[in-house]
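# Examination of the molecular architecture
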Amino acid sequence: MEFWLSAAFVDTGEYVELAKAADRLGFSTVAVSDHIFYADYEARYPYTESGAPPYDPDTHWPDVWVTIGAMAAVTERVRFATNVYIAPARDLFTSAKAISTAAALSGDRVIAGLGAGWCKDEFLQTGQDFHTRGRRLDELIPALRELWKGGMVEHHGTYYDHGPLRIMPVPGEPVPIFIGGDSDAALRRTARLGDGWVGNRFYSEEQLEDLLVRMEGFLAEEGRTLDDVDVIAPLAMPPSADLYRKWEDRGVRGMMAMPWWTPTPEIKAANSGNPLGLKIATMERYAEEIIAKM
C-alpha cells in the first residue's frame with residue numbers, strides 16, 4: 001500500500017518542509033493541486049450542492065511544476081504528483097515542457113495526474129476551448145508520451161498538429177500518467193490511456209466500491225483489469241491499517257492522506273499558532289500509527 005500526502009490548500013511557504021517530512025516519514029508521494037486563479041466563477045463546482053468551490057480567494061495555488069521542482073531539490077526518495085493538472089487549459093508544449101523538466105530535475109520522481117477540468121472560466125482566460133477539453137485530453141496524452149521519448153516527433157491530429165520537432169530535456173524513463181475524475185468519461189479515459197487513477201475528493205466506502213465496479217467494466221472493454229492500473233483512493237473514513245488492508249485486497253494501490261484535518265487535542269494544543277508544526281506533527285502520528293503498520 002502506498003500513502004500519498006494531499007497538499008492541497010496549504011500555504012506556498014509550507015510545501016518544502018512538508019516534502020522533507022514526507023520523505024523522512026515514508027509517504028510515497030506528495031500530491032499538489034492546480035488552479036490558475038480565483039474569481040467569481042461562472043462555472044459551478046461539481047462536488048458541492050451549492051456549486052461553490054471549497055476554497056476562498058486567499059487559498060494558495062502555486063504553479064504545480066515550479067513547486068515540485070522546489071520540493072524535489074530538498075528530497076531524495078518521495079515522488080510528486082499532480083491531483084490534478086488541467087492540461088487542456090494549456091497548450092500542448094507548455095504542458096509537455098513543464099512536466100518533462102520536472103521529471104528530469106527530480107530524477108524521474110514525477111507522476112502526471114491529468115484531468116479535463118470543471119472551471120470554464122480558466123479555459124476562457126487561457127484561450128482554450130472548454131467544450132472540447134475531454135477530446136483534446138484524449139489526444140494530448142499520446143502526444144505528450146511521444147514528445148517525452150526524445151528525438152524528432154511530429155503529430156497530426158484533430159486538435160494538435162505540428163511538424164517534426166524535439167523538446168529537451170526529456171524524462172529518463174516514461175512519466176506515469178494518472179487520470180483524475182470520477183465521471184464515466186474520466187473512468188473510460190483511465191481504462192484507455194491511464195497508468196493509474198487518482199480520486200480528487202474523499203469518498204465513502206460505498207462510493208469507492210461503485211467507482212471500482214464502474215472502472216472494472218470500462219477496463220474489461222479495453223482488455224485490462226484493476227491489476228493494470230494504480231488506483232489511488234481518498235477515503236472519507238478514520239484511517240486504520242485494517243481498513244486499508246481491506247481495500248488493498250480489493251485492488252486499491254494507494255490511499256490519500258491529509259493528516260492535519262484530524263489532529264488530536266494534544267497535537268493541536270502543542271502547536272497552537274504554528275500551522276506548519278501542526279501539519280508535521282500529524283504526519284508523524286500518521287506514519288507511526290498507519291504507515292509503520294502496513
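See the structure above.
All of the points below concern the structure found in this document. (Residues numbered from 1 in each chain as written. Predicted model: local features only at pLDDT ≥ 70, side-chain atom pairs only at ≥ 80, totals over all residues. Heavy atoms only, no water.)

### Quick look at the sheet that holds strand β7 (residues 177-180)
Pairing in this closed barrel of eight strands is parallel, and the strands run β1-β2-β3-β4-β7-β8-β9-β10 around the ring. Taken pair by pair, the neighbouring strands of this sheet meet at an average axis angle of 25°, ignoring direction. Bridge count for β7 against strand β8 (residues 196-198) is three bridges, and the pairing is parallel. Note that in β8 the partner of I179 across the bridge is W197. Helix α1 (residues 15-25) rests against β1 (2-6), β2 (29-32) and β3 (79-82) of the sheet, and its axis sits at about 155° to β2. The sheet contacts of helix α5 (residues 133-148) involve β4 (110-114) and β7, and relative to β7 the element is tilted by about 165°. (Pairing = 2+ DSSP bridges. Helix = DSSP H or I, 4+ residues; strand = E, 2+ residues; numbered from the N terminus. Axes fitted to C-alpha atoms, helices over the stretch in contact; angles between N-to-C directions. Contact = heavy atoms within 4.5 Å.)

### Remarks on the pairing of strand β6 (residues 161-165)
Sheet analysis places strand β5 (residues 153-156) next to β6, joined by three bridges and oriented antiparallel. From the neighbouring strand, H156 faces β6, where its bridge partner is D161. Linking two consecutive strands that pair antiparallel, namely β5 and β6, is a turn of four residues.

### Comments concerning the packing of aromatic side chains
On inspection of all chains with the given rule, the structure shows 16 aromatic pairs. Relative to Y41, the ring of Y38 lies with its centre 5.6 Å away and its plane at 55°, an arrangement referred to as tilted. The exposure class of Y38 is partly exposed, given its relative accessible area of 37%. Relative to F130, the ring of F123 lies with its centre 5.3 Å away and its plane at 75°, an arrangement referred to as edge-to-face. Among the residues examined, F130 registers a relative accessible area of 13% and is labelled buried. Linked through ring pairs, F9, Y38, Y41, Y45, Y47, Y55, W61 and W118 together constitute an aromatic cluster. (Phe/Tyr/Trp six-rings, centres within 6.5 Å; stacked < 30°, edge-to-face > 60°. Buried < 20%, exposed > 50% of the residue type's maximum accessible area, 1.4 Å probe, protein only.)

What is shown is where atoms sit, not what they do.
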